[in-house]
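The residues making up each chain are set out below.
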Amino acid sequence: MSVPILLPALGEIYTQRSGILNLGLEGMMLMGAFGGFIGVYFSHNLWVGLFLAMAVGLLFSLIMAFLSITVKANQVIAGTALTILGTGLSTFLYRALLGIKKLPPQVETFQALNFPLLSDLPVLGPILFNHNALVYLTLILVVVTSVILEKTTFGLKVRAVGEHPRAADSKGINVQLIRYICVAIGGIYAGLGGAFLSIGFMNTFLDQMVAGRGFIAVAVVIFARWNPYRALGAALLFGGANALQLRLQAMGVAIPHQFLLALPYVLTVLVLISVSKKAEFPAAYTIPYSRAER
Amino acid sequence: MLKIKTYLRGAFASLLPALLTIGLAFLVGALLLLLAGNDPLRAYQTLFRGAFGSAHRMAETLVKATPLMIMALGTSVAFKAQIWNIGGDGQFILGAIFAVFVALNFPLPAVLLLPLTFLAAFLGGALWGGLVGVLRAKFNANEVITTLMLNYVALYLLAWLVRGPMIDPKGHGFPQTPLIGEALRLPVLIPGTRLHFGLIIALLIIFAGYIFWRSTLGFTIELVGESEHVAQYSGIIVPKTIVLTMVISAGLAGVAGWSEVFGIHYRLLDDLAAGYGSLAIVVALLGDLKPFGIIISSFFFAALIVGGNTMQRLVGIPFSLVDVIQGLVIIFVISRVVYTQWRDRLAVKHFNRGVSDKSVSGSY
């Protein structure tokens, strides 16, 4: 449950660290969910679906990069545009390719991996060793993201571009290129996160399947103060809220189920309130960089 | 006479970029249609006929334009202050809930009750959005995310109300509230259509928008949008202005909910907002955040929706094409800058070569 929030959040950490706020995640995830589904539907190969989801996410994020970096447009508006476009385009293409069917077409999904012995451990076994490949990939990416951002030259450049683009530029760092790369990484991750919904968690594509997770991911990034490990914690919190909601519903608790459904969204607002005041945003956050202007 | 002529020319010149934007979006839409194996010409023809084909269809388009106008004006107030209120849907729903609650529970004569429901709708929206304003002003909580999250909360709140506390006892369990009293329903303007008095109110609100931007408060809001620092130095209390901006912006969204319920549905139902929120953003942007521009662009998008529905029904082209066109319109609106930059650079080049050029003006 946490993966479709954590994956896009990890990508968004790159994006935001470089000074771009990508609010188009929601649209990119929808396109990723669609791309993943279509890929599997036509090729009957899960990896083709995954690859297509990444490609679609990448392509979509390049529009965001173009608008926010080259055009220097307002990033909030650009992100909103991409979300609207992604919502429309994924549904349109889905209908165009598959037509209207009585039952939504289904595909095979990533199956839970089976680790001999480990999966049979009591308690820990089902919790830790009973997930599909995407879940483990995501956990690996948490570490990878942290290492790249903290320990490599590229990570240093990303942070420099986000904190002080002019200084970075004077050191010979290509500000625009770094930002393009970061937005692109964010798009690929968002595509993967979307694909997890359509071919990892469920086995079909629905218009409403992302349901605000893209925006929750943005909140998670702010909550985690741009740290991948804290993002893991935050994503688990949201995944937990979602799981709890389902569990309570199944148990038939006396709370109206609409309130339970609203829980993750209320939680996002509360979390945002508690962290926003002290969060130290990258200094060049949402500010386009131009050599000519001072 | 000359004055009118220059005014008209000015109006056309300011409309031209919007028309080009729309044209471009439709062109890309046509490509998509071709790729999907449809005939774009036939599709657009159906769309056009669906929106304007008869008096009835025209009326439907105006019916759709009514809440859009009110809501987009609200959106433009927030956007001018650089506050990105994306939560129109939620504020619309809250406005409708408050208004219907008042309509069903206060036994007053209609002359008193109707204005009261109007105020209740404004209040409902304003509270939902004002909360966001407070969170932004006090805690620096990003309003894009909070407004969006509150959209979902409002949706579930409505879903619960129409199934639980406010359900119509005689409704055979349908998720809806009882109908509001007949005296409270907005009168129909053209008999035989659904076009209601809300349109007049929407136009009045747009007119009020004109006056608003010339008022001190309007100026203050605009100044905060241009630079919070400058505003602060000129003695404006920025947090207060932010909250006030959100209250006005969201209150108008609430009023849009009022016009939709009291003019069309006469009760609360699921799916009341139906994406008006995101549409209002596109309308406000295409209208350049100006009241007159908003009238034109809300009419245009209303036509797109009504026509899009017909297109889906008659030619089987998915309605989501309309969403695609919306997204493209915003992208092209914000990309205009590139075009002007490019034109200016070209002009500078010409100028440096000693070629005189009178057409240099980067307005957007």
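Note: the structure precedes this text.
This write-up is about the structure you can find in this document. Bear in mind the structure is a predicted one, so any value in this text is a computation, not a measurement.

**Regarding the side chain of aspartate 89 of chain B**
Residue and element names in this part refer to chain B.
- Tracing the backbone through its elements, the reader meets aspartate 89 in helix α4 (residues 88-105).
- Although buried, aspartate 89 forms no salt bridge, and the nearest oppositely charged side chain, lysine 64, lies 11 Å from it.
- Discounting residues that sit within four places of it in the chain, aspartate 89 has contacts with Met71, Asn151, Ala273, Gly275, Tyr276 and Gly277.

**Considerations on the packing of helix α6 (residues 133-151) of chain A against helix α7 (residues 153-163) of chain A**
All names here are of chain A.
- Contact geometry of α6 with α7 gives a least axis separation of 5 Å together with a crossing angle of 75°. Taken together, the axis directions place α6 and α7 in an arrangement best described as roughly perpendicular. Judged by residue contacts, Ile148, Leu149, Glu150 and Lys151 of α6 engage Thr153, Phe154, Gly155, Leu156, Val158 and Arg159 from α7.
- Of the residues contributing to the contact of α6 with α7, the split by class is five nonpolar, two polar and three charged.

**Observations regarding the packing of aromatic side chains**
- Considering all chains together, one arrives at 21 aromatic pairs over all chains under this definition.
- Here tryptophan 226 of chain A and tyrosine 285 of chain A contribute two aromatic rings whose centre-to-centre distance is 6.4 Å and whose plane-to-plane angle is 80°, an arrangement assigned as edge-to-face. Here tyrosine 285 of chain A lies in the segment after α12 (257-276) and tryptophan 226 of chain A lies in the loop between α10 (213-223) and α11 (228-251), a separation of 59 residues in the sequence.
- Between phenylalanine 48 of chain B and phenylalanine 52 of chain B, the ring centres sit 5.0 Å apart and the planes meet at 50°, which makes this aromatic pair tilted. Of the two residues, phenylalanine 48 of chain B and phenylalanine 52 of chain B are both situated in helix α2 (residues 40-52); the distance of four residues between them amounts to about one turn of the helix.
- Pairwise contacts between aromatic rings join Phe34, Phe37, Tyr41, Phe42, Tyr94 and Phe205 of chain A into one cluster.
- The aromatic ring of tryptophan 213 of chain B is capped on one face by lysine 80 of chain B, whose charged end is 4.4 Å from the ring centroid.
- Between arginine 185 of chain B and the ring centre of tyrosine 266 of chain B, over which it is positioned, the NZ or CZ distance is 4.6 Å.

So, how was this worked out
Residue numbers restart at each chain and count upward from 1, following the sequence in its written direction. Chains and ligands are labelled by the order in which they are written, letters from A for the one and numbers from 1 for the other. The predicted nature of this model means local features are confined to residues of pLDDT at least 70 and side-chain atom pairs, given and counted, to a pLDDT of 80 or more, with totals for whole chains, interfaces and linings taken over all residues. Think of the side-chain values as coming from all heavy atoms in the structure, minus any hydrogens and water. In this text, helices come from DSSP runs of H or I with a minimum length of four residues, and strands from runs of E with a minimum of two, each type numbered from the N-terminal end. Relative accessible area decides the class of each residue, using a 1.4 Å probe on protein chains only: under 20% of the type maximum gives buried, over 50% gives exposed, and in between gives partly exposed. Charged residues are defined narrowly, with Lys and Arg counted positive, Asp and Glu counted negative, and His plus the chain ends left uncounted. A pairing counts as a salt bridge when a side-chain nitrogen of Lys or Arg comes within 4 Å of a carboxyl oxygen of Asp or Glu. It only takes one pair of heavy atoms within 4.5 Å for two residues to be counted as in contact. For every element, the axis is a line fit to its C-alpha atoms; helices are fit only across the contacting stretch, and the angle between N-to-C directions ranges from 0 to 180 degrees. Comment on the angle field: the value is read as roughly parallel under 35 degrees, roughly antiparallel over 145, roughly perpendicular from 65 to 115, and oblique elsewhere. Residues are grouped as follows: Ala, Val, Leu, Ile, Met, Phe, Trp, Tyr, Cys and Pro are nonpolar; Asp, Glu, Lys and Arg are charged; every other residue, Gly included, is polar. In this scheme Phe, Tyr and Trp rings, the latter by its six-membered ring, pair at centre separations within 6.5 Å, and the angle between planes marks the pair as stacked below 30 degrees, edge-to-face above 60, and tilted otherwise. Charge-over-ring placement is defined geometrically: NZ (Lys) or CZ (Arg) within 6 Å of the ring centre, and within 35 degrees of the ring normal.

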